[in-house]
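Residues per chain, in single letters:
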Amino acid sequence: MTELGIGIGWRPEIAEAVEGLSAIDWVEVVAENICVGHLPDSLTRLRQRGVTVVPHGVSLGLGGADRPDPARLAALAGKAVALGAPLVTEHIAFVRAGGPLTATPLLEAGHLLPVPRTRDALDVLCENVRVAQDALPVPLALENIAALVSWPGEEMSEGRFLAELVERTGVRLLIDVANLHTNHVNRGEDPARALAELPLEALAYVHVAGGVERDGVWHDTHAHPVPEAVLGILADLAGRVAPPGVLLERDDDFPPATELADELSAVRATVAGARAAGRHGVRASRRPAPARHPLLIGAGARVSGGTMPNGPEAGPEPGQEPGAGAGSASWARPVDRPVSAPAPTPAPGPDSAVPSAGSDPPVGAPVGPPTDNTPSACGGPVAAPGARQRVAVAQVSLLSALVAGTPAPEGFDTRRLGVQSRALAAKRAGIVAKVAPELPEILGSGFRPAFLAYARSRPMTGNYRRDALDFAEHLLAAGRPEREGARRELTAWWQDRSGNRPPGRATRLVRAARHALARR
């Protein structure tokens, strides 16, 4: 696997600071926040310096009951090509539920929600991963997520669930040690046990991030410094395997560049310390001896023309125990058919820069799910009959309770569901304020309480820009805001943005000037 080194998540708010960091080897960018053909200048300059850029998706929903949307896959593939990325990453999560499988309205979570660790969910996830691998031009790695709630009736630990996923699909892993800490605090799960069960030879890279504890619940905010507990889990992981890369995530409340540099230094020192202590070889695996064929990682290896480094004939890497290298994996899938070039990427739409589970790419009509007996698009085994329907019903019941106020499904901790529901609404309000900053300006201190009241009974069904328009329409239909001047401003804002086509540059300039004059 590609040796990445120490990196940081690139965000527009810290683009200049990231460019000024001399100690970074690579960056990761949220895939939905960039457009092919219109890459930010900062990313272009970083690439010219030889800095690797990895696209990190948040909207595929590979853990959902539906098969991956081909348009979303095509967009992610196009961004990987545009960035010259050695791999792409996504999450083991579901981000939407409902639709044809349940004959219910499609609901968007606007957040990464946990997949139940059951055989049904694993079958569905594996099939979805294979579909994604066949559509992507580079290897795929998947990230474990943080969770506030636990599914009742789970059949596997997180480590065992991920190990079986890797064994069945050959997918790589992006291990977020901050998420392991979150699940330790919120769900009582032991990070050391999870690391012991994981196939660390499949590790692509590692995430570290900060959070905050409130009322006994750990919130993975990516807006606080990395705590010692997270660095401790990183050290444990680095004592088991030399991670190909480690990346610092920061998504909000950005500190000065000097603080980012200090955090990167702490990450680097943690990894170096664990490796210097002689604890960086992969521990002995209990999995059976590998099949004698080259190690191929999903569709990416097929498209890129052959084996990944360290096939079974290559021997261990320096510092690794015999049989511990990537070539020892028994989970690689042999390949016996060619792969066509990735589908063309749709032209980016007006919402492609919105950090939303449903914002990028602009997709057409929902893809109707085939029955469970339909052969997989990638030729692999399909999920058990009825598995997709069972997973779909479970996921829409949970998401509806979180975003639409329906009764909590049986077996869930209702207090934790309440915490998660409020967190989703708060996140939704925050992102709407970012994508439509005029709304807080027009509504002032009344924006947040008005939006939270709106969100309690109106789940998100599209992207965040659509959500902002719907919120404004809701207020205007109710004769709000009460101040006539504010209501007139809100009406003009809604009318400007609710047309079928996005406004051109001239229209945007006129609108900005008019908005500035109206506020004098």
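Owing to the predicted nature of the structure, the values given are computational and were not obtained by experimental measurement.

On to the overall build of the chain, then. Tallying secondary structure elements over the chain gives 17 helices and twelve strands in all. Residue pairs at least 24 apart in sequence account for 77% of intrachain contacts in the chain once pairs closer than 6 positions are excluded. Surface summary for the chain: the accessible area is close to 21,700 Å², and the carbon and sulfur share equals 54%.

Right, let's talk about the side chain of E438 for a bit. Within the fold, E438 resides in helix α13 (residues 438-443). A distance of 3.2 Å separates a polar atom in the side chain of E438 from a polar atom in the side chain of W493.

Once that is clear, we can look at the environment of P191. For P191, the location among the structural elements is in helix α7 (residues 191-197). For the pair P191 and H181, spaced ten residues apart in the sequence, the C-alpha separation amounts to 6.7 Å. For P191, the contacting residues outside a window of four places in its chain are L180, H184 and I233.

A few words on the pattern of salt bridges. The final tally for this structure, using the stated rule, is 22 salt bridges. For the salt bridge of R117 with E189, the shortest nitrogen-to-oxygen distance reads 3.0 Å. Taken together, the positions of R117 in the loop between β6 (104-113) and α4 (119-135) and E189 in the loop between α6 (177-187) and α7 put the pair 72 residues apart, joining distant regions of the chain. Here the two residues R117 and E189 agree in accessibility, since each one is buried.

We now examine the packing of α4 against helix α11 (residues 387-403). The interhelical angle for the contact between α4 and α11, taken along N-to-C directions, is 110°, at an axis separation of 9 Å. Considered as vectors, α4 and α11 are oriented roughly perpendicular to each other. Contact with α4, carried on its side by D120, A121, V124, E127 and N128, involves A387, R388, R390 and V391 of α11 and no other residues of that element. The class makeup of the residues in the contact of α4 with α11 is four nonpolar, one polar and four charged.

Take the environment of Q395 next. Along the chain, the position of Q395 falls in helix α11. Using a relative accessible area of 2% as the deciding quantity, one classes Q395 as buried. Separated by 331 residues in the primary sequence, Q395 and G64 place their C-alpha atoms 7.7 Å from one another.

Further remarks concern the packing of helix α12 (residues 414-435) against helix α14 (residues 447-457). Running from N to C, α12 and α14 cross one another at 125°; their axes reach a closest spacing of 10 Å. In terms of orientation, α12 and α14 fall into the oblique class. Crossing geometry of α12 relative to α14 is assigned as right-handed. On α14, the residues that touch A425, A426, R428, A429, V432 and A433 of α12 are F447, R448, F451, L452, Y454 and A455. In terms of residue class, the contact of α12 with α14 is built from ten nonpolar, no polar and two charged.

For the rest of this paragraph, the subject is the pairing of strand β8 (residues 172-176). Within β8, five of the five residues are buried, leaving the element largely enclosed by the surrounding structure. Summarising the sheet, strand β7 (residues 140-143) and β8 pair through three bridges and their orientation is parallel. Bridge assignment links L142 to a residue of β8, and that residue is L173. A crossover links β7 with its parallel partner β8, the connecting element being helix α5 (residues 158-169), and its sense is right-handed.

In this section: the nonpolar core. Counting 79 residues, the largest nonpolar core has I8, V27, L140, L165, V177 and L234 as the members making the most contacts within it. Of the residues forming this core, the biggest block, eight residues, is contributed by α4. In this structure V177 touches V206, H207, V208, V230, I233, L234 and L237, once residues within four positions along its chain are discounted. In this structure, I431, A450, A455 and Y464 belong to the second largest nonpolar core, which totals 23 residues.

Rules and cut-offs
Residues numbered from 1 in each chain as written. Predicted model: local features only at pLDDT ≥ 70, side-chain atom pairs only at ≥ 80, totals over all residues. Heavy atoms only, no water. Helix = DSSP H or I, 4+ residues; strand = E, 2+ residues; numbered from the N terminus. Contact = heavy atoms within 4.5 Å. Areas by Shrake-Rupley, 256 points an atom, 1.4 Å probe, with all protein chains shown as cover. Polar contact = N/O pair within 3.5 Å; in protein donor to acceptor, adjacent residues only side chain to side chain. Salt bridge = Lys/Arg side-chain N within 4 Å of Asp/Glu carboxyl O. Buried < 20%, exposed > 50% of the residue type's maximum accessible area, 1.4 Å probe, protein only. Axes fitted to C-alpha atoms, helices over the stretch in contact; angles between N-to-C directions. Parallel < 35°, antiparallel > 145°, perpendicular 65-115°, else oblique. Nonpolar A, V, L, I, M, F, W, Y, C, P; charged D, E, K, R; others polar. Left-handed = near helix turned anticlockwise from the far one by under 90°. Pairing = 2+ DSSP bridges. Right-handed = clockwise from strand over helix to strand, strands pointing away. Core = buried A, V, L, I, M, F, W, Y, C linked by side-chain atoms within 4.5 Å.

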